[in-house]
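The lines below spell out each chain.
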Amino acid sequence: MMQVWDHLWNNVHLATMDTDAGDIRDAAIAVHAGKIAWLGKESDLPKGWQASQVTDGQGHWITPGLTDCHTHLVYGGNRSHEFEARLNGVSYEAIAQQGGGIRFTVSATREASEEALLAEAIPRLRSLLKEGVTTVEIKSGYGLDIASERKILRVARRLGEIFPVRVVTTFLGAHALPLEYHGRADAYIRHVCDEMLPALAEEGLVDAVDAFCENIGFSYAQTEQVFIAAQKLGLPVKLHAEQLSDQDGAALTARYQGLSADHLEYLSQKGIVAMAASGTVAVLLPGAFYYLRETKLPPVQALRDAGVPMALATDCNPGTSPMTSLLLTMNMGCTLFRMTPLECLQGVTVHAARALGLRQTTGMLRVGMDADMARWAITRPADLSYYIGGNFLSERIFQGKSATVS
């Protein structure tokens, strides 16, 4: 039977991420109707194949398009003045007392128009796309009232309409306690669960639900209320867990079959066992670890030993990880967390897609999956983690079409 495809790339090497790296050298890959239609050794191409377009891949490597599975990409203003103040000896407490920290970002986000937030977010997204990202998660959480949370999520949706990228939205209303609810955290959580989440979900703005379970965030019991509300609406959950202390949040997330638990510097063995049993992905965020000059490493070896899939993400946000480079994140995963280059590449492809509930759609090169790919002028896949500040992307492909962003 004659094979007829939209596009064929030949003279390439493939890192399929299907069973470890799944490397195929001297390969070709074909797409049709936005899906991968064939891949394998170029010498094994079926007889009589036809393609509307053929691209000589110049001996480059093709990987799945990268996935940034934890970002806070849409927010107002920046906090470089706080960064400078801390380096000049001003304490976090003093900055907070002066209206800084997350309150500053919430204020700036509430004041900004939807168009202003969109304009601020576009350069951040462009930076990611220029590095081969084809899927990005964008959280709310810097509005903390329904109008502002809606505004953030609407901007996230618009970014996915303007640019050739898959945007996954996450409602993070339980990110911090807004000033108007000072001393009334339980009341705020009721507002999140009974009013904000149902309304935003009804508007089609929410793909998943997140919370910040921490001494400076919300308690285990309050977090569980958010999970129950999400479950009633049929929405998957994930959690900012064990970043500053062990609150047993990862095990809670696993109990609700959560997609991921993120940060995890203070993750316990109990949490690891629970995540392994539920298939919950560990999303590690070396940018925040670096920026906060954290000293306690996440338990990478224990996660590895337990078979917990590990993803990596930028955690792009104004306060603790103002980073828009997933390639730098991969290097940090190796240098700071002692992950291998293969683990880091898995962490921004197959495992990152799983952390967003997209394991059947993207994150691997496999026949039938979305043709989201990145072509790199590199000698081996480890080069992607090896270089600091290097970007060797030669072509970004989204749903089968060349979509390189200049």
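Residues numbered from 1 in each chain as written. Predicted model: local features only at pLDDT ≥ 70, side-chain atom pairs only at ≥ 80, totals over all residues. Heavy atoms only, no water.

## Examining the pairing of strand S7 (residues 133-139)
Burial analysis of S7 places seven of its seven residues in the buried class, which makes it a mostly covered element. Bridging between strand S6 (residues 66-68) and S7 involves three bridges; their strand directions are parallel. The partner of Leu-66 across the bridge, within S7, is Val-133. (Buried < 20%, exposed > 50% of the residue type's maximum accessible area, 1.4 Å probe, protein only. Helix = DSSP H or I, 4+ residues; strand = E, 2+ residues; numbered from the N terminus. Pairing = 2+ DSSP bridges.)

## Concerning the pattern of salt bridges
For the structure shown, the criterion picks out 20 salt bridges. With its nearest N and O atoms 3.2 Å apart, the salt bridge here joins Arg-79 to Glu-82. Both residues of the pair, Arg-79 and Glu-82, belong to the buried class. Among the salt bridges present, the one from Glu-203 reaches Arg-150, with a minimum N-O distance of 2.9 Å. Taken as a pair, Glu-203 in the loop between helix H6 (185-202) and strand S9 (208-213) and Arg-150 in helix H5 (residues 146-162) lie far apart in primary sequence, 53 residues in all. (Salt bridge = Lys/Arg side-chain N within 4 Å of Asp/Glu carboxyl O.)

## Considering the nonpolar core
Ranked by internal contacts, the top residues of the largest apolar core, which has 89 residues, are Leu-159, Phe-171, Val-206, Leu-264 and Leu-284. Of all the elements, H6 adds the most residues to this core, at eight residues. In this view, Leu-159 contacts Leu-73, Val-74, Leu-118, Ala-121, Ile-122, Leu-125, Ile-138, Val-165 and Val-167; residues no more than four positions away in its chain are not counted. With 14 residues, the next largest nonpolar core counts Leu-14, Ala-27, Ile-62 and Met-373 among its residues. (Core = buried A, V, L, I, M, F, W, Y, C linked by side-chain atoms within 4.5 Å. Contact = heavy atoms within 4.5 Å.)

## Here's the deal with a nonpolar patch on the surface
A contiguous nonpolar surface patch, about 320 Å² in accessible area, is contributed by Tyr-386, Tyr-387 and Phe-392. With respect to the helices and strands, the residue Tyr-386 is situated in helix H15 (residues 383-386). (Patch = residues over 30% accessible without salt bridge, like charges linked within 9 Å, V, L, I, M, F, W, Y side chains within 5 Å. Areas by Shrake-Rupley, 256 points an atom, 1.4 Å probe, with all protein chains shown as cover.)

## Concerning the UniProt feature "binding site: 4-imidazolone-5-propanoate" (unreviewed entry) in the protein
The sites that UniProt annotates as "binding site: 4-imidazolone-5-propanoate" (unreviewed entry) are Arg-79, Tyr-142, His-175, Gln-243 and Thr-320. Among the annotated residues just listed, those that line the largest cavity are Gln-243. Tracing the backbone shows His-175 in the loop between strand S8 (166-174) and H6. Contact partners of His-175, with chain neighbours within four places excluded, come to His-72, Ile-102, Gly-141, Tyr-142, Leu-144, Phe-212 and Phe-218. For His-175, the side chain forms a polar contact with the main-chain oxygen of Gly-141, separated by 2.9 Å. Locating Gln-243 in the fold gives a position in the loop between strand S10 (238-241) and helix H8 (249-255). Residue classification places Gln-243 among the buried positions, given a relative accessible area of 10%. (UniProt positions renumbered as here; feature names shortened; annotations may be inferred. 1 Å grid on protein atoms, 1.4 Å probe; cavity = no way out; pocket = protein on both sides within 12 Å on 5 of 7 lines; lining within 4 Å. Polar contact = N/O pair within 3.5 Å; in protein donor to acceptor, adjacent residues only side chain to side chain.)

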